[in-house]
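# Tertiary structure, described
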Amino acid sequence: MTRCMKRGQERKKRPFPVPTLISITIILLLGFWLRIWHIDAFSFWSDEGLTPLRSGYSVIDILRNVILIQGHVTKDTHPAFFYLTIHFTRQLFGETDFAFRYPSVLFSTLLIALLYRFGKKLASPKLGLVIAFFMAINPLHIWYANEARMYAIYSLLVAAASYLLWRAISITDASGPSIFELIRQRKFPLFYRYLVGYGLLAGLSLYTNYTAVFLIAAQGLIWAWLFWKRGHLRDILLPAILVLAIGLPNVGDTLPRLFSGAEANFFFVPPAIMLQDVFRFFSLGLTFSYGQFTLGLFTALAALLTLFGVLAAKNHSTRIFLLTYLFAVVFGLMAGQLIKPMYQGARHIMVGSPAFVILIGMGLLGVWEWGIGDWRLGIGDRFQNRQHLTLNHWLLGIGYWMLVAGITFTALFGPLHSLYNYYRDPAFAKDDLRGMIQFIERSAGANDAIVYNNAILLPLHEHYRTRSDTAVSASPSYPKWAGFVSVEELTAVSAQVDHIWFITDPPTDNRDFHRVAKGWLDDNLSAIETFHFHARTTALNVVLYRAESPHQDSLPDTAVSLNQSWADNLTVAGIQLFPPTADSNLMLIDLYWQGPFDPNELALKTLRFGIVGPDQREWVVHNRPFLAEPSDIDTTSSQLFRSSYQLALPDGLPPAKYEIVLLGVDENGVSVSNQQVTAAFDLTNPVLAQWDQPLIEFENEIQLSQFELADLSVRPGNNLPLTLFWLLPSENNGTNELIYEIKVIDESGAVLRHDLNKVGPDWLESLPSNTAVRENNSLYIYPEAVPGDYTVQIQLREGEQFLNRQSWNPFQRNSQPQTVAHFTVEPFPLNTEMPAFETAVSAQFSNFITLAGYDLEQTAGQLGLTFYWQTNSQPNNNYLIFIHLVNEAGEIVQQVDQVPVGGLRPTGTWRPNEVLVDAYTMPLPSELESGTYQLRLGFSLPETFDRLPVSLADSPQPDNQLELTTIVIP
């Protein structure tokens, strides 16, 4: 038999752990998917903005730890290794948010694999799988795997170094020649290979984050103990020299970080809070609602499982190793706080979290083994030996399993709930600096300036910046303190621009503690509006200022003179419009008021701006306070006072000539003037609206980009507004032949509505190319529509030919209607209580309806009638109500024929025992002669004019109509 055949047989005999391989593969894929999914959903936060900046420097400048902000060279608070890594990976992956964060995903996924190996060597593959799974779903590591920061690679480096230390501890041979003798013999045993590997990885971790010094120092004591066990304590000198040599270039940056003055936004944290954070953040991450009562339960359970893990460790050396790994940095930062504050949250101590996961896994596995062991003692062994099982045995066994299952469920529920919050709950989103910058860039004019109160955000702005025509700066400029510096800077900026977009996030180092910059802007410029953006760590606001004094001697040449007098002797002197620029959706409006006036004494509180299109339809309405901060504004001057407003035009607003209609109202919504201010403007380009994925793409690349219903429910007889966004490519601009059909289908497949409409607003002969254009429309829901669920379908045709929908699947290219929305027709509330009324009647209309009573109000020009109906049984048809005013000759001189309740409630929809209040207004003709008139009432079918029989006190009424009352016309 050949050697190859023997090897083949040996391989066949060797057990191959296929289930374990499949399990770890699934765990790695799960961990990778959780980290890669929506990796760029959140914006970079302020510190992440330094990653694109610093990693773009030369290697020499990265090693120097320098950062250039507003022309000033400063030192970064983190070492160079992470930035060197990104310096090279950005060459492979690019410079998007995804590209900068992807290395963190890879490092965090590698940590899962490493912990499997770690657990396998600590105890068994089973422990490795448990640890790997808990690391795969760990919310804290997933959070930082989605950041372009050093915490993922830092955790991986320290975990790898600690793994090598554990392998060295595990070597059973505690004796041997000294290291110097081995050098002479040119031998390199495994123990010393682990030592060298540890030294390299620990050195790299020190070049990644300064807090590694605490762990290296603590683990250095373990290495000294290992050498002492081998009987060569003096051998520790050589690795100590090696570590010092590796770390020496970083000492110049490490020592100032550890011993210099307090850093921005750092403060003393009680040691008890830091210990609590270990068990809270390491298990639940940063996306758990810490106001929930269950927080204490999850924190206590994490601490308890950690204790179980310590007890489940095989020996004291394992316990000492894991506790050192877990708490070295924590205790180091506690001690360091005696010199300066060093702790600012979980990321500063998360390097020890792999040890926490290991202990949790060991503790949980110990609980499982304890449960199984006690179950065997209570039930399993007795059942196997065919002994009698009492009820107590069964209850004891079930109790063990319920306890184990409860602990396991609770240990899993906390992290999984935190992950659900991370992916699904907007309240846990990170600071939306990207959204803020994109909004400003879209809205700012070419002669606007963007000013940050916090200069540290400037690198982040440069990362997201796409426009070069707007000036971007910070005040106070870095690293100066606010005061005269900010006043001079802002004075110079405001003299050169039209508007200032001021980001209010204050410097964390208190360089503008008294908010000098914003105070100067408030005192000298007029604030138009404040925009709020989601933030968890700060108040992320942008204030838009008009960069000139609000007081004017005369109207600008481009303003429209008005001189309209409103209430309280307030005069609108003029109006000036600033239509949006090509890439913006913000329209600015300046109103000029004749001073002096006291804003606190005015009835005027709110201005209502309506934008009316060529179709005389209001496309958007905005309500703005007359003055945002009247107490801070001087209006006692006799000069003209300018108030400025911005209106966000809706996405896809089509080009047209629009009209601004301005109305002033008081705090109750009542108009303060019988005049409206109107001004026209031309929108030459549609307001930009784009979607990454169109809703439907038809032939010739015609797209229905979006279809929006104003609501998901509607009452019968009401309109359901809808908005469509159409996009046509440049080579197919004509829309005259494009018709879309909308069908409303009920649950049985019957068609409620079938409408035909021209694509786009009526006044557009062709749609602008390559931008989605808004079309406003509505669906009238017939009053007799049956309550239930309805489907909206759409179909596009060019002339008489229906257009196919495009699809990746050629078999799905068809012209059939496409479902685009669903809504519910909700019934009117069933009212069965009869309200009070003036005149009782109790007339019966057939066996369907009772007229309980009515109210009548007569004025010189009209009659006001309100009827109070009650349904005995549901009417079998939709009847019109008729109200006739008849003269003494029996001639009808005025009448009303209408579907009841304002046309909303056909009688066929009236339900048994339902009470309806039905109001009408009957105008009285001016030529009506004085005299006595009869008011008659009844129901008739609109198709045949057949009337419902009516009876009063069981007496049938003539001509199937009820003589209600007599009206006297003086």
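Here, residues in each chain are numbered from 1, in the same order as that chain's written sequence. Two thresholds apply to this predicted model, a pLDDT of at least 70 for residue-level local features and 80 or more for giving and counting side-chain atom pairs, whereas whole-chain, interface and lining totals are computed over all residues. Heavy atoms from the whole structure form the basis of all side-chain values; hydrogens and water molecules are not counted.

### With respect to a nonpolar patch on the surface
Taken together, the side chains of Val-59, Ile-60, Leu-63 and Phe-88 present a nonpolar region at the surface, about 380 Å² in accessible area. A helix here means a DSSP run of H or I that spans at least four residues, while a strand means a run of E at least two residues long, and both kinds are numbered starting from the N terminus. The element best represented in the nonpolar patch is helix H4 (residues 59-63), accounting for three residues. Looking at the element boundaries, Ile-60 is found in helix H4. Patch membership needs two things, relative accessible area over 30% and no salt bridge, and members are linked within 9 Å if like-charged or within 5 Å if nonpolar (Val, Leu, Ile, Met, Phe, Trp, Tyr). Note on areas: Shrake-Rupley, 1.4 Å probe, and residue coverage restricted to the protein chains presented here. Each salt bridge in this description consists of a side-chain nitrogen of Lys or Arg and a carboxyl oxygen of Asp or Glu lying within 4 Å of one another.

### Points about the packing of helix H14 (residues 271-284) against helix H15 (residues 294-312)
Under this scheme, a helix contributes an axis fitted over its contacting stretch, all axes are lines through C-alpha atoms, and angles between N-to-C directions fall in the 0 to 180 degree range. Relative orientation of the contacting elements H14 and H15 amounts to 100°, with a least axis distance of 9 Å. As far as their axial angle goes, H15 and H14 are roughly perpendicular. Judged by residue contacts, Gln-276, Phe-279, Arg-280, Ser-283 and Leu-284 of H14 engage Leu-295, Phe-298, Thr-299, Ala-302, Ala-303 and Thr-306 from H15. Classification convention: Asp, Glu, Lys, Arg as charged; Ala, Val, Leu, Ile, Met, Phe, Trp, Tyr, Cys, Pro as nonpolar; all other residues, Gly among them, as polar. Taken together, the residues that form the contact of H14 with H15 break down as six nonpolar, four polar and one charged. Roughly parallel here means an angle under 35 degrees, roughly antiparallel means over 145, roughly perpendicular means 65 to 115, and every remaining angle is called oblique. Here, residues are in contact when the closest pair of their heavy atoms is within 4.5 Å.

### Observations concerning the sheet that holds strand E35 (residues 955-956)
Taken together, the six strands give an open sheet; going across it, the order is E32-E29-E28-E27-E34-E35, and neighbouring strands pair in antiparallel fashion. Edge positions in the sheet fall to strand E32 (915-923) and E35, since each has one partner strand and no second. Where strand E27 (residues 839-845) meets strand E28 (residues 849-858), five bridges bridge the pair, whose relative direction is antiparallel. Within E28, the position partnered with Phe-845 by the bridge is Ile-849. For two strands to pair, DSSP has to find at least two bridges joining them.

### Focus on the sheet that holds strand E36 (residues 962-969)
As summarised here, the arrangement of the four strands in space is E31-E30-E33-E36, forming an open sheet in which the pairing is antiparallel. In this open sheet, the two edge strands, each paired with only one partner strand, are strand E31 (892-898) and E36. Neighbouring strand axes in the sheet, compared pairwise and without regard to direction, differ in orientation by 20° on average. In this sheet, E31 lies alongside strand E30 (residues 880-886) in antiparallel orientation, the contact comprising six bridges. For Ile-881, the partnering residue across the bridge sits in E31 and is Gln-898.

### Observations concerning empty space enclosed by the protein
Every definition here rests on a 1 Å grid over the protein atoms only: cavities are sets of points where a 1.4 Å probe fits but cannot get out, pockets are open sets enclosed by protein on both sides within 12 Å along at least five of seven lines, and lining residues have some atom within 4 Å of a point. Grid points are joined across faces, edges and corners, and a volume is the space filled by probe spheres set on the points. Applying the stated criterion to the full structure yields five cavities of 30 Å³ or more. Empty space within the largest cavity amounts to approximately 180 Å³. Lining the largest cavity are 16 residues, with Phe-134, Ser-283, Ile-360, Ala-411 and Pro-415 positioned closest to its centre. Sorting the residues of the lining of the largest cavity by element identifies H14, H15, helix H17 (353-384) and helix H18 (391-424) as the ones contributing at least two each. Of all the elements, H15 adds the most residues to the lining of the largest cavity, at four residues. Residue composition of the lining of the largest cavity, grouped by class: 13 nonpolar, three polar and no charged.

### A closer look at the pattern of salt bridges
Using the criterion set out here, one finds 24 salt bridges in the structure. Across the pair Glu-741 and Arg-797 runs a salt bridge whose closest N-O atoms are separated by 2.8 Å. Of this pair, Glu-741 sits in strand E21 (residues 738-745) while Arg-797 sits in strand E24 (residues 788-798), placing them 56 residues apart in sequence. The salt bridge partner of Glu-914 is Arg-905, with a shortest N-O separation of 3.0 Å. Take Glu-914 and Arg-905: they sit in the same class, and that class is buried. Bridged by salt links that share partners, the residues Arg-546, Glu-548, Asp-590 and Arg-642 form one connected network. Between buried and exposed lies partly exposed: a residue is buried under 20% and exposed over 50% of the maximum accessible area for its type, with that area taken using a 1.4 Å probe on protein chains only.

### Here we look at the side chain of Asp-590
Along the chain, Asp-590 turns up in strand E11 (residues 586-594). On the basis of relative accessible area, Asp-590 is assigned to the buried category, the value being 1%. A polar side-chain atom of Asp-590 sits 2.7 Å from a polar atom in the side chain of Ser-644. When neighbours within four sequence positions are excluded, Asp-590 is seen to be in contact with Arg-546, Gly-574, Ile-575, Gln-576, Phe-578, Arg-642, Ser-643 and Ser-644. Definition of a polar contact: a pair of N or O atoms within 3.5 Å, with one able to donate and the other able to accept a hydrogen when the atoms are protein atoms, and with sequence-neighbouring residues admitted only if both atoms are side-chain atoms.

### Structural notes on the packing of aromatic side chains
Each aromatic pair joins two rings of Phe, Tyr and Trp (for Trp, the six-membered one) with centres within 6.5 Å, and gets the label stacked for planes under 30 degrees apart, edge-to-face for over 60, and tilted for any other angle. Applying the stated criterion to the full structure yields 46 aromatic pairs. Seen from their ring centres, Phe-118 and Phe-321 are 6.0 Å apart, and the 45° between their planes marks the pair as tilted. Of the two residues, Phe-118 is situated in helix H6 (residues 97-122) and Phe-321 in helix H16 (residues 316-336); the sequence distance between them amounts to 203 residues. Like Phe-118, the residue Phe-321 is buried in the burial classification. Judged by centre distance (5.6 Å) and plane angle (45°), the ring pair of Phe-867 and Trp-869 falls under tilted. Note on accessibility: Phe-867 and Trp-869 belong to one class, buried. Arg-280 extends its terminal NZ or CZ atom over the ring of Phe-281, reaching a point 4.8 Å from the ring centre. For a ring to carry a charge above it, either NZ of a lysine or CZ of an arginine must fall within 6 Å of the ring centroid while also lying within 35 degrees of the normal to the ring plane.

### Points about the side chain of Asn-757
With respect to the secondary-structure elements, Asn-757 resides in strand E22 (residues 751-758). Reaching out from Asn-757, the side chain makes a polar contact with the side chain of Asn-777 at a distance of 3.4 Å.

### Structural notes on the packing of helix H2 (residues 18-36) against H6
With their axes 9 Å apart at the nearest point, H2 and H6 run at an angle of 155° to one another. Taken as axis vectors, H2 and H6 run roughly antiparallel relative to one another. Seen from above, H2 lies across H6 with right-handed handedness. Of H6, the residues touching H2 (which contributes Thr-20, Ile-24, Ile-27, Leu-28, Gly-31, Phe-32, Arg-35 and Ile-36) are Phe-98, Tyr-102, Val-105, Leu-106, Ser-108, Thr-109, Ile-112, Ala-113 and Tyr-116. The hand of a helix crossing depends on one turn: near helix anticlockwise from the far one by less than a right angle means left-handed, and clockwise means right-handed.

### Things to note about unusual backbone geometry
The phi angle of most residues is negative, glycine excepted, and most peptide bonds adopt the trans form. Here the amide bond leading from Ser-475 into Pro-476 is cis, since omega sits at 5°, within 30 degrees of zero. With an omega dihedral of 0°, the bond running from Tyr-478 to Pro-479 counts as a cis peptide bond. Here Pro-479 shows up in the loop between strand E4 (471-474) and helix H21 (484-494). For Ala-953, which is not glycine, the phi dihedral falls at a positive 55°. Here Ala-953 falls in the exposed class, since its relative accessible area comes to 70%. Backbone geometry places Asp-954, a non-glycine residue, at a positive phi of 65°. Inspection of the secondary structure puts Asp-954 in the loop between strand E34 (950-952) and E35. The exposure class assigned to Asp-954 is exposed, which follows from its relative accessible area of 76%.

### Here we look at H6
Under the 1.5 Å per step criterion, the end-to-end length of H6 is 38 Å for 26 residues, consistent within 8% with the ideal 38 Å. Counting buried positions along H6 yields 19 of 26 residues, so the element is predominantly enclosed. By definition here, a helix of n residues has an expected span of 1.5 Å times n minus one.

### Overview of the confidence of the model for the protein
Values of pLDDT, the confidence the predictor places in each residue, fall between 0 and 100. Averaged over all residues, the pLDDT of the protein is 85; the fraction at 70 or higher stands at 88%. Per-element confidence in the protein is highest for helix H8 (residues 139-145), whose mean pLDDT is 96, and lowest for helix H1 (residues 3-13), whose mean pLDDT is 47. Segment residues 1-13 is flagged for pLDDT under 50; beyond a separation of four residues in sequence, or across chains, it makes two contacts in the model. Note that residues 375-379 has pLDDT below 50 and, in this model, 13 contacts with residues that lie over four places away or in other chains.

### Some details on the environment of Trp-520
Following the sequence through the fold, Trp-520 ends up in helix H22 (residues 516-524). The buried category is assigned to Trp-520, whose relative accessible area is 14%. A sequence separation of 30 residues divides Trp-520 from Leu-490, and the C-alpha atoms of the two residues are 8.0 Å apart. Trp-520 has contacts with Val-487, Leu-490, Thr-491, Ser-494 and Leu-525, leaving out every residue within four places of it along the chain.

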